[in-house]
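Single-letter residue listing:
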Amino acid sequence: MLTLQASLRSLLKKLRYWLLKLVLIFVSLSIGWVLIYKFVPIPYTPLMAIQYFKNTHIEHTWQPLSKISKHLQLAVISAEDQRFFEHSGFDYAAIKFAFISNLKGKRLRGASTISQQCAKNVFLWPQRSWIRKGLETWFTLLIELLWSKERILEVYLNSIEMGKGTFGASAAAKYWFNTPASQLNRQQAAAIAAILPNPIKYSAQPASYYIRSRKAWIIRQMRNHQSDYFK
């Protein structure tokens, strides 16, 4: 009996040791990964790989933030995360509002910030699960700690899908409006931002009634925030 208990204690001790070792390895590798992406363009994301293996043609060209229209920058912030420059990765007011709305049985509402979406797009897979959500939280904390807000926005605008197989501002500007990302005007930027909830289902041009309505709402939000953004 004593020998069995001793063996179990030894086994548990080894399991704790290896578990701690795996955690430390994961933490070290993830921090190193985030630090590398602080400086270099992100060439590929998991979603791009998934789309590629579904035989979807991928369009993606990295552009620095300085070559992406400020109208598009403001449009996605207005549409997706108006407190982007104020929060530290998580918008607790939006989370609370979404939780209450969902409890009341209204249309399911998300509360992911641009930082959370950026972490998911660059480091993780798209399918929802508690494991992915936990990892998303971890990577969101890391990029908020190690990157600037401008870098988060730059990576987000270069990694998000803005049409089937169309990733990033440069590819989207060319696909939807045949113009460089730097030349997108307010109307065009708002149209692209309007399709972000489901860029495969929706079209920026020609736009459905729903997208035109959403685009008009985004433009109103842009006007409310443009004095803060266009300095």
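Residues numbered from 1 in each chain as written. Predicted model: local features only at pLDDT ≥ 70, side-chain atom pairs only at ≥ 80, totals over all residues. Heavy atoms only, no water.

**Some thoughts on the overall build of the protein chain**
Note the following rule: Counting from the N terminus, the helices are DSSP H or I runs at least four residues long and the strands are E runs at least two residues long. Partly exposed describes any residue whose relative accessible area lies between the buried limit of under 20% and the exposed limit of over 50%, with all areas from a 1.4 Å probe on protein chains only and scaled to the type maximum.
When its secondary structure is counted, the protein chain shows 10 helices and two strands. Moving toward the C terminus, one meets the helices and strands of the protein chain in the order α-α-β-α-α-α-α-α-β-α-α-α. Considering only C-alpha atoms, the protein chain reaches an extent of 75 × 40 × 40 Å along its principal axes. Evaluated residue by residue, the protein chain yields a buried proportion of 42% over its 231 residues.

**Thoughts on a nonpolar patch on the surface**
Heads up, the condition is: Patches draw on residues past 30% relative accessible area with no salt bridge. Two like charges within 9 Å are joined, as are two nonpolar side chains (Val, Leu, Ile, Met, Phe, Trp, Tyr) within 5 Å. Reported accessibility uses the Shrake-Rupley method at a 1.4 Å probe radius. Residues are deemed covered only where the shown protein chains occlude them. Any carboxyl oxygen of Asp or Glu that lies within 4 Å of a side-chain nitrogen of Lys or Arg is treated as forming a salt bridge with it.
There is a patch of nonpolar side chains on the surface, built from Leu8, Leu11, Leu12 and Leu15 and spanning about 380 Å² of accessible area. Of note, Leu12 is situated in helix H1 (residues 2-37). Taking the relative accessible area as the measure of exposure, Leu12 reaches 47% and is therefore partly exposed.

**Side note on the pattern of salt bridges**
Taken as a whole and assessed by the stated rule, the structure comprises six salt bridges. With its nearest N and O atoms 3.4 Å apart, the salt bridge here joins Arg214 to Glu80. Taken as a pair, Arg214 in helix H10 (residues 209-229) and Glu80 in helix H3 (residues 70-80) lie far apart in primary sequence, 134 residues in all. With its nearest N and O atoms 2.8 Å apart, the salt bridge here joins Arg132 to Glu136. In this pair, Arg132 and Glu136 are both assigned in helix H6 (residues 130-146), four residues apart and thus about one turn of the helix distant. Across the pair, Glu136 and Arg132 agree in class, each one buried.

**Some thoughts on unusual backbone geometry**
For residues besides glycine, phi is generally negative; the peptide bonds are generally trans as well. Residue Gln205 is joined to Pro206 through a cis peptide bond whose omega torsion reads -5 degrees. Residue position: Pro206 is located in the loop between helix H9 (186-194) and H10. Unusually for a residue other than glycine, Asn55 sits at a positive phi of about 65 degrees. Note on placement: Asn55 falls in the loop between helix H2 (46-53) and strand S1 (59-60). With a phi close to 50 degrees, Asn178 is a non-glycine residue in the positive phi region. Here Asn178 lies in the loop between helix H8 (168-177) and H9. What makes Asn178 exposed here is its relative accessible area of 65%.

**So, the side chain of Arg132**
Put simply, the rule is: Residue contacts are counted whenever heavy atoms from the two residues lie within 4.5 Å of one another.
Of the residues examined, Arg132 reaches a relative accessible area of 6% and is grouped as buried. If sequence neighbours within four positions are ignored, Arg132 has contacts with Lys120, Leu124, Trp125, Pro126 and Gln127.

**Details of the packing of aromatic side chains**
Both the distance between ring centres and the angle between the ring planes are used here to describe each pair of aromatic rings. Here is the rule: Paired rings are identified among Phe, Tyr and Trp, the last through its six-membered ring, by centres lying within 6.5 Å, and are further divided according to the angle between planes into stacked (under 30 degrees), edge-to-face (over 60) and tilted (the rest). Remark: a charge is flagged as sitting over a ring if the NZ atom of Lys or the CZ atom of Arg is within 6 Å of the ring centre and within 35 degrees of the ring normal.
Throughout the structure, instances matching the rule amount to 13 aromatic pairs. Ring centres of Trp33 and Tyr37 lie 6.2 Å apart, and the angle between their planes is 55 degrees; this geometry places the pair in the tilted category. Here the residue Trp33 and the residue Tyr37 both occupy positions in helix H1, the gap between them amounting to four residues, near one helical turn. Measuring from ring centre to ring centre gives 5.9 Å for Trp33 and Phe139, while their planes differ by 90 degrees; the resulting arrangement is edge-to-face. Placement of the pair is Trp33 in helix H1 and Phe139 in helix H6, with a sequence separation of 106 residues. Among the aromatic side chains, those forming a connected cluster through ring pairs are Phe26, Trp33, Tyr37, Phe123, Phe139 and Trp147. Seen from the ring of Phe84, Lys149 lies directly overhead, with NZ or CZ sitting 4.6 Å from the centre.

None of this, on its own, says anything about what the molecule does.
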